Amino acid sequence: MRTPITIAMVLLISISAFSQKDKKLKDQEAIKSMCGCFEVTFNFAETFNYSTDSLYKPSKTKVDKGLEWAELIVNEDDKISIQHLLQVGNPAAPHIVKHWRQDWLFENTDLYGYNANNTWAYSSLPADQVKGQWTQKVYQVDDSPRYEGSSAWVHVDGKSYWENTADAPLPRREYTTRSDYNLTVRGNRHEVTDYGWLHDQDNAKVIREDGKKDVIIAKEKGYNTYVKVDDSRCAAAAAWWKSNTDKWALVRTKWDDVYGRNQNLSLEEKVDNKVLYKYLFDEEYDQKVEIEEVIESFVKK
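The structure contained in this document is the topic of the report that follows. Computed from a predicted model, the values in this text were never measured in an experiment. (Residues numbered from 1 in each chain as written. Predicted model: local features only at pLDDT ≥ 70, side-chain atom pairs only at ≥ 80, totals over all residues. Heavy atoms only, no water.)

This part takes up the overall build of the protein. Scanning the protein for helices and strands turns up five helices and 14 strands. C-alpha extents for the protein along the principal axes are approximately 75 × 50 × 40 Å. Here the protein holds 301 residues, and the buried ones make up 44% of them. Just so you have it, the protein exposes about 16,400 Å², and 52% of that area is on carbon and sulfur atoms. (Helix = DSSP H or I, 4+ residues; strand = E, 2+ residues; numbered from the N terminus. Buried < 20%, exposed > 50% of the residue type's maximum accessible area, 1.4 Å probe, protein only. Areas by Shrake-Rupley, 256 points an atom, 1.4 Å probe, with all protein chains shown as cover.)

Scanning the model with the defined rule gives one disulfide in all. The side chain of cysteine 37 participates in a disulfide bridge whose partner is cysteine 234; the two sulfur atoms lie 2.0 Å from each other. The S-S bond linking cysteine 37 to cysteine 234 shows a torsion near 70°; that makes this disulfide right-handed. Taken together, the residues cysteine 37 in strand E1 (residues 36-49) and cysteine 234 in the loop between strand E13 (215-229) and helix H3 (235-259) connect sequence positions 197 residues apart. Neither cysteine 37 nor cysteine 234 differs from the other in exposure class; each is buried. This cysteine, cysteine 35, is not joined by any disulfide, and cysteine 234 carries the nearest cysteine sulfur, 12 Å off. (Disulfide = S-S within 2.5 Å.)

Turning next to the sheet that holds strand E2 (residues 62-75). Spatially, E8-E7-E4-E3-E2-E1-E13-E12-E11-E10-E9 is the arrangement adopted by the 11 strands of the open sheet, whose pairing is antiparallel. Where the open sheet ends on each side, the last strands, each with one partner, are strand E8 (145-151) and strand E9 (153-156). On average, adjacent strands in this sheet sit at an angle of 25° to one another, irrespective of strand direction. Pairing of strand E10 (residues 159-168) with strand E11 (residues 183-192), which is carried by nine bridges, proceeds in the antiparallel orientation. By the bridge assignment for E11, tyrosine 161 is matched with glutamate 191. (Pairing = 2+ DSSP bridges. Axes fitted to C-alpha atoms, helices over the stretch in contact; angles between N-to-C directions.)

Read across the sheet, three strands follow the order E5-E6-E14 without closing on themselves; strand pairing throughout is antiparallel. Each end of this open sheet is capped by a strand with a single partner; those strands are strand E5 (110-114) and strand E14 (265-266). Note: E5 against strand E6 (residues 119-124), five bridges, orientation antiparallel. Within E6, the residue paired with aspartate 110 across the bridge is serine 124.

With that out of the way, let us pick up the layout of surface pockets. Roughly 1,600 Å³ of internal volume is contained in the largest pocket. Lining the largest pocket are 50 residues, with Gln140, Arg146, Pro171, Arg172 and Tyr175 positioned closest to its centre. Top element by residues in the lining of the largest pocket is E2. It accounts for five residues. Space inside the second largest pocket adds up to approximately 300 Å³. Together, 13 residues line the second largest pocket, and Ile96, Trp240, Asn244, Phe281 and Glu283 are the ones closest to its centre. When residues of the lining of the second largest pocket are traced back to their parent elements, those giving at least two are strand E4 (95-106) and H3. For the lining of the second largest pocket, the per-class residue count stands at six nonpolar, two polar and five charged. (1 Å grid on protein atoms, 1.4 Å probe; cavity = no way out; pocket = protein on both sides within 12 Å on 5 of 7 lines; lining within 4 Å. Points joined across faces, edges and corners; volume = space filled by probe spheres on them. Nonpolar A, V, L, I, M, F, W, Y, C, P; charged D, E, K, R; others polar.)

Position of glycine 187 relative to the elements: it lies in strand E11. C-alpha of glycine 187 to C-alpha of valine 271: the two residues are 84 residues apart in sequence and 32 Å apart in space. Glycine 187 has contacts with Asn164, Thr165, Asp200, Gln201, Asp202 and Asn203, leaving out every residue within four places of it along the chain. (Contact = heavy atoms within 4.5 Å.)

Quick look at H3 now. Structural remark: α-helix, 3.6 residues per turn; residues separated by three or four positions point the same way. Helix geometry: H3 is bent most strongly at asparagine 244, by close to 60°. Within H3, the full set of buried residues consists of Ala237, Trp241, Lys247, Trp248, Val251, Arg252, Lys254, Trp255, Val258 and Tyr259. (Bend = angle between axes of the 7 residues up to and from the residue.)

Leftover empty space is mapped by rolling, across the atoms, a probe with the size of a water molecule. For the structure shown, the criterion picks out one cavity of 30 Å³ or more. By volume, the largest cavity is sized at about 30 Å³. Lining the largest cavity, in full, are Tyr112, Trp120, Lys137, Val138, Tyr139, Pro145, Arg146, Tyr147 and Glu148. Secondary structure elements with two or more residues in the lining of the largest cavity: strand E7 (134-139) and E8. The element best represented in the lining of the largest cavity is E8, accounting for four residues. Split by residue class, the lining of the largest cavity holds six nonpolar, no polar and three charged.

So, about the pairing of E4. For E4, the tally of buried residues reaches 10 of 12 residues, placing the bulk of the element in the interior. Across nine bridges, the pairing between strand E3 (residues 79-88) and E4 is antiparallel. Across the sheet, the residue bridging to valine 88 is histidine 95, located in E4. Following E3, the chain reverses through six residues before pairing antiparallel with E4; glycine 89 in that reversal takes a positive phi of roughly 90°.

Okay, structure coming up:
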């Protein structure tokens, strides 16, 4: 016969398990709300200057707009993957650009932290440290690593958001014009809104050198809004992805093999004076063997 204390404990455990399941469903719903067709506005402005160089020039304020399709490519209980595609140019005959990808992994313990100069340090976290958390893994256009971090989604006062700070490579808008720093410390907030979702950023521009303390030369604000529009407006991007999905599945599979080695990763900037995405964006690169070979050629041994 069960005592009142035993019954109370069973009830508490059952309530806790139900609450955790309900929380996870809310997390999944929030993540998947970032899928669909969006009018995107990218806003970046340098806010504070800490450089000791009297000739230092801040980056220009940058505002770009576009149409972006976010395709749900993996929808599992512990993994959600979203591929972003830019749709630009003449609406009657738009050009499609494979953009970034974000994977969300529940209670993931294997992370690759960026450490400047095209290197990522592998770490294995204890399970209790990531309990209830989601890792957001962000990838470059060629599905090589970018940055990642683990935090819990928060649902409070009618808001749903996820916040994390992670070391990252320079964004394209910066590394194509600047070489006076080599690391971005990204403060990321993803928030579901009544119009779609918001990517709010507070970033630091950092010089990192071995054996020395990090030097912050400036800070930057990013405020990117994703306004949901009818999916039909992104029909061209959705069709492009359908035609190219098999090729990029091969690319992801090869990268999964690389990441699955669970060791520090360092990548070449170029091979034969050509960056990786230019190889993979070539329509002639569509066979498993050649895709695997070219990706492997960028992995430093």
